[in-house]
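Here is how the chains run, residue by residue.
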Amino acid sequence: MVARSILVLTGAGISADSGVPTFRAADGLWEGHRVEDVATPEAFRRDPSLVHAFYDARRAHLGKVEPNRAHVALAELEQAWPGDFLLVTQNVDDLHDRAGSKNLVHMHGELKRGWCLACGSRFSWSGAMGEGASCPVCATSGQVRPDIVWFGEEPYAMERIEDAVRTCDLFVSIGTSGAVYPAAGLVQTARYVGAHCVELNLEPSQGSIFFHETRLGRASQIVPAWVEELLA
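Residues numbered from 1 in each chain as written. Predicted model: local features only at pLDDT ≥ 70, side-chain atom pairs only at ≥ 80, totals over all residues. Heavy atoms only, no water.

Colleague: Explain the domain arrangement of the protein residue by residue, including any values.
Modeller: Domain boundaries in the protein define domain 1 (6-20 + 66-108 + 155-231) and domain 2 (33-64 + 110-148). Distance from the C-alpha centre of domain 1 to the C-alpha centre of domain 2: 27 Å. If you look at the interface, domain 1 gives 9 residues, while domain 2 gives 10 residues. Summed over both partners, the interface of domain 1 with domain 2 buries about 860 Å², with 50% contributed by carbon and sulfur atoms. (Domains from an automatic or database assignment. Contact = heavy atoms within 4.5 Å. Buried area = accessible area lost by both parts, 1.4 Å probe.)

Here you go:
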């Protein structure tokens, strides 16, 4: 097929090859914690110390991992592609950024950003945040949370994402489980408007039936091969 506009959606599977733990294990726990205890606004109000400790540990772990060949290949595809290109990631790590991706949307927020609940400001953040963190904008202490989209909250830039899905010719999902909405529903919209839909994953996702083509394998292996084939 000849595509003019590409939308790529990535999930935990692409960062797993860099050593970033995937979202949830088979036992339903997220690095030993129930999702309800670390990834909801209610959890933050109930036990901010626990939530901060959890995200501080994940933020610290980013310093120990590097982008893999899949991240790099997508950055190279963006640079070489003559048409429209948008990369939408569900991941809160910074590996796409470090690999060189520019047309990038973090729909679930970023570990290395903070959000002040007192003044509403959002800002870059490195290192530990902790319960007593002060906002660099208004100087209020104890009202800073990770700028992460938790369960029950609206993902970022959905209007931009949905517009891109409705106008893309090629929709590619990489390393996603197909279990978390609204991201999991994007392929249905893409297919409805006539885009060719490709899934690159370790195993078929829950929405695999909606894709025209599925390629299975480790992201660091199959993504560079797919990019090379597309650009050829």
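Colleague: Just give me the short version of the nonpolar core, but keep the residues and values in it.
Modeller: Core analysis: the biggest nonpolar cluster contains 22 residues, and Val8, Leu74, Val172, Ile174, Leu200, Val223 and Trp226 have the highest contact counts within it. Elements supplying a minimum of two residues to this core: β1 (5-10), α5 (69-80), β4 (84-89), β9 (170-174), β10 (196-201) and α9 (219-231). No other element matches α9, which puts 5 residues into this core. Other than its neighbours up to four places away in sequence, Leu74 contacts Val8, Thr10, Ile14, Phe85, Leu87, His96, Ser101, Ile174, Val223, Trp226 and Val227. Membership of the second largest hydrophobic core comes to 19 residues, among which are Leu9, Val105, Cys197 and Phe211. (Core = buried A, V, L, I, M, F, W, Y, C linked by side-chain atoms within 4.5 Å. Buried < 20%, exposed > 50% of the residue type's maximum accessible area, 1.4 Å probe, protein only. Helix = DSSP H or I, 4+ residues; strand = E, 2+ residues; numbered from the N terminus.)

Colleague: Tell me about the UniProt feature "binding site: Zn(2+)" (unreviewed entry) in the protein, and name the residues and values.
Modeller: Under the local residue numbering, the UniProt record ascribes the feature "binding site: Zn(2+)" (unreviewed entry) to Cys116, Cys119, Cys135 and Cys138. Considering the C-alpha atoms alone, the annotated residues occupy 23 residues of sequence yet fold into one spot, their largest mutual distance being 8.6 Å. Structurally, Cys116 is set in strand β6 (residues 109-116). You can call Cys116 buried: its relative accessible area is 0%. Discounting chain neighbours no more than four positions away, the residues touching Cys116 are Ser121, Phe123, Cys135, Cys138, Gln143 and Val144. (UniProt positions renumbered as here; feature names shortened; annotations may be inferred.)

Colleague: Before we move on, could you go through helix α4 (residues 48-61) and cite the residues and values that matter?
Modeller: Between its terminal C-alpha atoms α4 stretches 20 Å, which fits the 20 Å expected from 14 residues at 1.5 Å a residue. Listing the buried residues of α4 in full gives Pro48, Val51, His52, Phe54, Tyr55, Asp56, Arg58 and Arg59. (Expected span 1.5 Å × (residues − 1).)

Colleague: For the pattern of salt bridges, give the residues involved together with the corresponding values.
Modeller: One pass over the full model with this rule turns up 15 salt bridges. Between Asp147 and Arg113 there is a salt bridge; the shortest N-O distance is 3.8 Å. Taken as a pair, Asp147 in strand β8 (residues 144-148) and Arg113 in strand β6 lie far apart in primary sequence, 34 residues in all. Among the ionic pairs, Glu213 bridges to Arg215, the shortest N-O distance being 2.7 Å. Of the residues examined, Arg215 reaches a relative accessible area of 24% and is grouped as partly exposed. Salt bridges sharing partners connect three or more residues here, namely Glu66, Asp94, Arg98 and Lys112. (Salt bridge = Lys/Arg side-chain N within 4 Å of Asp/Glu carboxyl O.)

Colleague: Break down the sheet that holds strand β11 (residues 213-216) for me, citing the residues and quoting the values.
Modeller: An order of β5-β4-β1-β9-β10-β11 is seen for the 6 strands of this open sheet, with the pairing classed as parallel. Lying at the two open borders of the sheet, with one neighbouring strand each, are β5 (104-106) and β11. The sheet shows a mean angle of 15 degrees between the axes of neighbouring strands, direction not considered. One ladder, built from 6 bridges, connects β1 with β4; its direction is parallel. Following the sheet pairing, Val8 is matched in β4 by Leu87. Across the sheet, helix α7 (residues 158-167) lies against β1, β4, β5 and β9, angled at about 130 degrees from β1, the strand it touches most. (Pairing = 2+ DSSP bridges. Axes fitted to C-alpha atoms, helices over the stretch in contact; angles between N-to-C directions.)

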